[in-house]
There are 2 protein chains.
Amino acid sequence: MVQNLEKLEVGHKKEAKPGRVRLTQKAIVEAAAALFARAGFGATSLDDIATSMGVTKGALYYHVKNKEEILRLIFLTVLVVSEEPLQHIVEAELSPVQKLGRAIEHHTAVAADRSPAMIVFYREQVHLTGPFAREITLRKKKYERYFEQIIEEGIQAGIFKSDLPAKIVVFGLLGMCNSLSQWYKPDGKFSSQQVAAVFVKMVENGLMPYA
Amino acid sequence: MVQNLEKLEVGHKKEAKPGRVRLTQKAIVEAAAALFARAGFGATSLDDIATSMGVTKGALYYHVKNKEEILRLIFLTVLVVSEEPLQHIVEAELSPVQKLGRAIEHHTAVAADRSPAMIVFYREQVHLTGPFAREITLRKKKYERYFEQIIEEGIQAGIFKSDLPAKIVVFGLLGMCNSLSQWYKPDGKFSSQQVAAVFVKMVENGLMPYA
DNA sequence: GCGAAATTTGAACGCTTAGTAGAAAAGATG
DNA sequence: CATCTTTTCTACTAAGCGTTCAAATTTCGC
């Protein structure tokens, strides 16, 4: 545990032997996310993770402080790819409708292609302890509040109905998108963009054409 | 483990000492659901469950085969309160719009007031093993198919838009309702009926009033 | 109250696991 | 090749857990 930052990939660096991935924090986190997603945090041992990477347990502890830190890192990667793009959408010069559309597309995309990490994110939060657990809750709330802002903005502008409480709408919306991580298969019939498009239509105009 | 059926509550039966609940399968399942919901299945020990009921670990084994059976029973209780009412709605003499509305109300209500069990239901399925795990998956699918039927019926009747794939709509819909178990507080601002009403409006006509 | 049946206790067992320490190996450097 | 650093392995510890079971206790019909 010497370098906390991943070394930047530089062209001239000697490549590791093909076949076995270089053991690194990022690699561990990815492998662990896949196992946690399949069997759950509690049911996955460090031996399982190590074995799945062709390595023994001891090696993991050189790159990672303990089991919970692996979980923490999974949560962080999800937040890192989620937060900033959403913030940009909210702050952009767009109509509320456009913002909402892009926000849904964004969130759907994240849910679709980070699925192991996302599954863990929505299932294993109880296993976080200490201040970090609180931090995650806060950042989740902040993320929700971005969506709320969009909805409220739309209501103020008279574009969205004013009789639907923004909080509930947002919860419903996010629940809708989050469900993707449970069922979405990248090799299935629909791309995440197509799914997002369906959700956008649903949320904007509903299922009934001649209201 | 002698009686599989709960004895019916009969008036003249001697009440157990107030304060301590009579130890029974149902009581164990309820207590366990609360603990599992808070800390997760893997992180909750049988000691935790026993202690929370003012009893020792061994006593649980008189009423329950093992830890996983407790989990199985939690899943069963959720299914039991969910399946039949939905089936009745689907088979009733109602318009697709009415059916959809009632189905959403039903599912929302279940998500709202069985919340510990529901949280476990949507989080701990990975810890089920053997044929029962498969059974749950199947029954979940069947439940989804009821919703799908309603949507398809509505499309056929020209009431719902035909360009939105029923499967995706249903997943979104259920994700929306299921999210309730994560955030709904019975003592909060909204009743589950009010939340359901919001969801129904969202799904039927969307957020935009003048489409 | 008595005896039998139902229920609970408490201790023990076997197994798995997170985490540690130090030796060994591999890799880089000059 | 020799030395130093980084990385991995082996072996171990201490703790926690699910499960079992004989004995103790409580309940209940008579």
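Please refer to the structure placed before this passage.
Source: prediction; values computed, not measured.

Caption draft 1: Region of interest: the overall build of chain A. On a plain count of helices and strands, chain A comes out with ten helices and zero strands. Listed by position from the N terminus, the elements making up chain A come as α-α-α-α-α-α-α-α-α-α. A buried classification covers 48% of the 211 residues belonging to chain A. Relative to all contacts within chain A whose residues are 6 or more apart in sequence, the contacts with residues 24 or more apart total 67%. Of the roughly 11,100 Å² of accessible surface on chain A, 55% is carried by carbon and sulfur atoms.

Caption draft 2: Up close: the nonpolar core. One finds Phe-199 of chain A together with Phe-199 of chain B to be the most contacted residues of the largest nonpolar core, which totals 138 residues. The residues contacting Phe-199 of chain A, other than those within four sequence positions of it, are Ile-104, Thr-108, Met-176, Cys-177, Leu-180 and Trp-183 of chain A together with Ile-168 and Gly-172 of chain B.

Caption draft 3: Layout of the pattern of salt bridges. If you walk through the whole model with that rule in mind, you get 15 salt bridges over all chains. Residue Glu-148 of chain A pairs with Lys-167 of chain A through a salt bridge whose shortest N-O separation is 3.4 Å. Taken together, the positions of Glu-148 of chain A in helix α7 (residues 130-156) and Lys-167 of chain A in helix α8 (residues 166-178) put the pair 19 residues apart, joining distant regions of the chain. A residue is classified by how much of its surface remains accessible, and Glu-148 of chain A, at 12% relative accessible area, is buried. Taking the shortest distance from any N to any O, the salt bridge between Asp-47 of chain B and Lys-57 of chain B comes out at 3.7 Å. Here Asp-47 of chain B, found in helix α2 (residues 46-52), pairs with Lys-57 of chain B, found in helix α3 (residues 57-63); they are ten residues apart in sequence, far enough to count as distant. By relative accessible area, which is 38% here, Lys-57 of chain B ends up partly exposed.

Caption draft 4: Main features of the protein's contact with DNA strand D. The local shell around DNA strand D holds 15 residues, among which Thr-56, Tyr-62 and His-63 of chain A together with Tyr-61 and Lys-67 of chain B are the closest. When atoms of DNA strand D within 4 Å of the protein are sorted by moiety, sugar and phosphate together comprise 68%. Here a phosphate oxygen of DNA strand D and a side-chain polar atom of Tyr-62 of chain A are 2.7 Å apart. Between Leu-46 of chain B and DNA strand D, the recorded distance is 2.9 Å, taken from a backbone N or O atom to a phosphate oxygen. When contributions to the surface near DNA strand D are tallied by element, the ones reaching two or more residues are α3 (57-63) of chain A together with α3 of chain B. Examining the composition of the surface near DNA strand D, we find that four residues originate from one element, α3 of chain A, more than from any other.

Procedures and definitions
Residues numbered from 1 in each chain as written. Chains lettered and ligands numbered in written order. Predicted model: local features only at pLDDT ≥ 70, side-chain atom pairs only at ≥ 80, totals over all residues. Heavy atoms only, no water. Helix = DSSP H or I, 4+ residues; strand = E, 2+ residues; numbered from the N terminus. Buried < 20%, exposed > 50% of the residue type's maximum accessible area, 1.4 Å probe, protein only. Contact = heavy atoms within 4.5 Å. Areas by Shrake-Rupley, 256 points an atom, 1.4 Å probe, with all protein chains shown as cover. Core = buried A, V, L, I, M, F, W, Y, C linked by side-chain atoms within 4.5 Å. Salt bridge = Lys/Arg side-chain N within 4 Å of Asp/Glu carboxyl O. Near = heavy atom within 4 Å. Polar contact = N/O pair within 3.5 Å; in protein donor to acceptor, adjacent residues only side chain to side chain.

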